[in-house]
Amino acid sequence: MKSRGYTRYMMASLPFLVFFLSVLPPDAQAAQAFAPGDLPPEPSSDYLEVLEDGEDLGFCAEWNPEFVYRGHHCCAKAKPRKKRRGSWCDPKRTRSNYCHEMTEDQHFYRDVLLADSNIDVLQLVESDLGIKGRQSYCSVNNGFLAWGRQLIPNSRNRIHLKSPDRCVDFGTDRMIGMIEWVGRRVAERYYAPEFEKVRLVVGDISAPRGGCLAGRSGRRGHASHTSGLDVDFGFLVEKKPAPNTFTREFDAKANWWLLKQLFQNPYACIKVVFLDRRLIRKLAKAAKDDPMWPVLRRFIRHVKFHRNHHHVRIGPHAGPPGCEADANPELEANIEENTDYDGFSDLLEWMEARPTSTLRIDP
Ligand SMILES: [Zn+2]
């Protein structure tokens, strides 16, 4: 278990890290991550290693914002106390925002990044990946987040936060690396003046220390988003004016391109993307001639209420979609299965061919 002093030290040395720390190339990290992980084969189960209750209650008490409400368990009990949706976030936490749950280090990190727009977030993420241990605990539905990193929009990444005042934009380092990388891809693709307003709209990720996430009304807003591994993206809209929030307008071609960037990012493997089936059909039409469609389709799954955003769930390491060779996401009944297809080796190859220009952009 790392001490709190470690984090403080890391944060205090942030500006120096930017200049002096050698970084592990993302490719090397991706290669490490292709080793068999501890993820279950079914992306929708999302169950990570669980702390034994009593194993380190002090750690859980410090980081899990619902520790007391959950009866001093490290991982919240999976079953809600009442069946009624919305009744099981700690009522003491259900406020309009979670900013009061930020640690001193998180405040410091935000201040540093807001003060100096030349700091390269990807470089910081890469520096920390080699040192930091786990950040995400329990399952995505009942977990919490330790040393969460905040997503900060900057001039390179074209990111627009949907709810910047709620402090629900904290994720694992890999999550923030993934979003930053994709945000830079959007900036690259839409560099022309007529597209300068194209934005990657980012909705909820997790609270500063994770935990149950309530909507503005105070009721539970998400089944997951508790451990920094889930993020909602607005649909990519090319036409002007770019929306600042989620929209049902769905440009299948643009969003197929966006999804491919997501799946190909070198920071975090994508376990699954949730989207309404009507929109998946539109994607299928737009991507019918793309050889990656039948491969990636497996990881884009219908879940109700996903008509105005992509819900993206990452794994704890980098790597191809599904996060491991024998990933077995449920297939939609109308999807043809190619039984001869060696999907994972093709995915590895595809990952190798990903664009690299966003990995470093000199100020
Ligand atoms: Zn979501």
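Here the structure is a predicted model, which is why all the values come from computation and not from measurement.

To continue, consider the overall build of the protein. From N to C terminus, the protein includes 11 helices and 10 strands. The contacts in the protein between residues at least 6 apart in sequence include a share of 78% that link residues at least 24 apart.

As a further point, take the confidence of the model for the protein. On average, residues of the protein score 77 in pLDDT, and 71% of them are at 70 or above. Note on residues 80-87: pLDDT is under 50 here. Beyond four places in sequence and across chains, it has nine contacts. With pLDDT under 50 throughout, residues 331-341 is counted as low confidence; its partners more than four residues away or in other chains account for five contacts.

On to the nonpolar core. Core analysis: the biggest nonpolar cluster contains 75 residues, and Met-175, Ile-179, Val-202 and Val-273 have the highest contact counts within it. Looking at which element gives the most residues to this core, the answer is helix H7 (residues 173-189), with eight residues. Contact partners of Val-202, with chain neighbours within four places excluded, come to Leu-151, Ile-159, His-160, Leu-161, Lys-162, Asp-169, Ile-179, Val-231 and Phe-233.

What follows deals with the packing of helix H8 (residues 252-264) against helix H9 (residues 277-286). Look at H8 against H9: their axes get within 9 Å of each other, and the N-to-C directions meet at 90 degrees. Between H8 and H9, the interaxial angle falls into the category roughly perpendicular. Between H8 and H9, the residues in contact are Ala-252, Lys-253, Asn-255 and Trp-256 and Lys-282, Leu-283, Lys-285 and Ala-286, respectively. Tallied by class, the residues present in the contact of H8 with H9 amount to four nonpolar, one polar and three charged.

Let's shift gears to the pairing of strand S8 (residues 270-275). Taken across its six residues, S8 has six buried, putting it largely inside the fold. Bridge count for S8 against strand S10 (residues 309-314) is four bridges, and the pairing is antiparallel. Along S10, the bridge assignment pairs Val-273 with Val-312. Bridging between S8 and strand S9 (residues 300-302) involves three bridges; their strand directions are parallel. Counted as the bridge partner of Val-273 is Ile-300 from S9.

As a further point, take the packing of helix H6 (residues 121-129) against H7. The description of two helices packed together rests on the angle between their axes and the distance between the axes. Look at H6 against H7: their axes get within 9 Å of each other, and the N-to-C directions meet at 150 degrees. One way to sum up the angle between H6 and H7 is to call them roughly antiparallel. Relative to H7, the crossing made by H6 is left-handed. Residues Val-121, Leu-122, Val-125, Asp-128 and Leu-129 of H6 lie in contact with H7, whose contacting residues are Asp-173, Ile-176, Gly-177, Glu-180 and Trp-181. For the contact of H6 with H7, the residue count by class is six nonpolar, one polar and three charged.

In this section: unusual backbone geometry. Even without being glycine, Cys-138 reaches a positive phi, approximately 65 degrees. Along the chain, Cys-138 turns up in the loop between strand S1 (136-137) and strand S2 (144-145). The phi angle at Cys-167 is positive, at roughly 55 degrees, despite the residue not being glycine. For Cys-167, the location among the structural elements is in the loop between strand S4 (159-161) and strand S5 (170-171). Look at Cys-167 and you get partly exposed, because 19 C-beta atoms sit within 10 Å.

For the rest of this paragraph, the subject is H6. Burial analysis of H6 places eight of its nine residues in the buried class, the great majority of the element. Taken residue by residue, H6 has Val-121, Leu-122, Leu-124, Val-125, Glu-126, Ser-127, Asp-128 and Leu-129 as its buried positions.

Relative to the elements of secondary structure, Arg-199 occurs in the loop between H7 and strand S6 (200-202). Residues Arg-199 and Pro-243, spaced 44 residues apart in sequence, show a C-alpha to C-alpha distance of 7.9 Å. For Arg-199, the contacting residues outside a window of four places in its chain are Arg-158, His-160 and Ala-242.

This paragraph deals with the pairing of strand S7 (residues 230-234). The element S7 is extensively covered by neighbouring structure, given that five of its five residues are classed as buried. In this sheet, S10 lies alongside S7 in antiparallel orientation, the contact comprising five bridges. Across the sheet, residue Val-231 finds its bridge partner in S10, namely Val-312.

Moving on to the environment of Thr-172. In this structure, Thr-172 sits in the loop between S5 and H7. On a C-alpha basis, the gap between Thr-172 and Leu-229 in space is 6.7 Å, while along the polypeptide they are 57 residues apart. Setting aside residues up to four positions removed in sequence, Thr-172 forms contacts with Gln-135, Ser-136, Gly-228 and Leu-229.

Criteria and thresholds
- Residues numbered from 1 in each chain as written.
- Predicted model: local features only at pLDDT ≥ 70, side-chain atom pairs only at ≥ 80, totals over all residues.
- Helix = DSSP H or I, 4+ residues; strand = E, 2+ residues; numbered from the N terminus.
- Contact = placed C-beta atoms within 7 Å.
- pLDDT = per-residue confidence, 0-100.
- Core = buried A, V, L, I, M, F, W, Y, C linked by C-beta atoms within 7 Å.
- Buried ≥ 20, exposed ≤ 12 C-beta atoms within 10 Å, placed from the backbone.
- Axes fitted to C-alpha atoms, helices over the stretch in contact; angles between N-to-C directions.
- Parallel < 35°, antiparallel > 145°, perpendicular 65-115°, else oblique.
- Nonpolar A, V, L, I, M, F, W, Y, C, P; charged D, E, K, R; others polar.
- Pairing = 2+ DSSP bridges.
- Left-handed = near helix turned anticlockwise from the far one by under 90°.

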